[in-house]
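Descriptive structure summary
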Amino acid sequence: ADKRVIYSKYKIDPSGILTGSASKGLYDYAALSFRNDYMKYNSEEEFIALYEAENPGVTVNKLTLNNLDSIDQPVKLIYDLSIDNFSQKMGDLIAFNPFVIERQKNFPFKNKTRKYPVDFTCFKDYKYIQVFELPNGYEITSLPDPLNLVLPDKKGRFSYNITKMDNQLQMTCTFEIKNTVFAES
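The sections below set out a description of the structure shown in this document. (Residues numbered from 1 in each chain as written. Predicted model: local features only at pLDDT ≥ 70, side-chain atom pairs only at ≥ 80, totals over all residues. Heavy atoms only, no water.)

**A look at helix 2 (residues 44-54)**
All of the buried residues along helix 2 are Phe47, Ile48 and Tyr51. Each buried residue of helix 2 lies within a common arc of 95 degrees when the element is viewed along its axis, so the set occupies one face. Away from the buried face of helix 2 by more than 90 degrees, exposed residues Glu45 and Ala53 are located. Each element contacted by the buried residues of helix 2 is listed here: helix 1 (28-38), strand 3 (58-66) and strand 4 (75-83). (Buried < 20%, exposed > 50% of the residue type's maximum accessible area, 1.4 Å probe, protein only. Helix = DSSP H or I, 4+ residues; strand = E, 2+ residues; numbered from the N terminus. Arc of directions from axis to C-beta. Contact = heavy atoms within 4.5 Å.)

**So, the state of the cysteines**
In this structure the tally under the stated criterion is zero disulfides. Left without a disulfide partner, Cys122 is nearest to the cysteine sulfur of Cys173, which lies 18 Å away. The class for Cys173 is buried, based on a relative accessible area of 3%. (Disulfide = S-S within 2.5 Å.)

Okay, here's the thing in structure tokens:
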């Protein structure tokens, strides 16, 4: 399985800039894939430069890699980040998308009909927990409704929930694919 667990804790400043850390655990196929991809870089600095180029506005202040050479262990990445295009400031309001890193950029089922099957190669199991500390004096005016989408026969699932805790928001999100090939439709 391609298993990823991401825990992030961020602080939003009054101008809307985000700073904090993200810990990413890569297991099984995700760890193997990362190890193979990482070997293509000449240095950690080159890896960080490409990561920042692929994620505009993100600055990696520090990166720690664990278990890169221990193939029986998950790969652990710990990022200290700052993100300057994270939010939209509108007067005294700050609006933002809680999917900070690891955003799903392409949806494989966007066409109403498919001539070819969609092949995921392996099962997917992605879990995200992100905590956002709001600036002093700010309060939460609205939250999105929780969402739980399940594919027929429970072949996949996407769920998220955002909860308020004092001056913090916590987002939990799960993306699972339990079937590797989806036939043409």
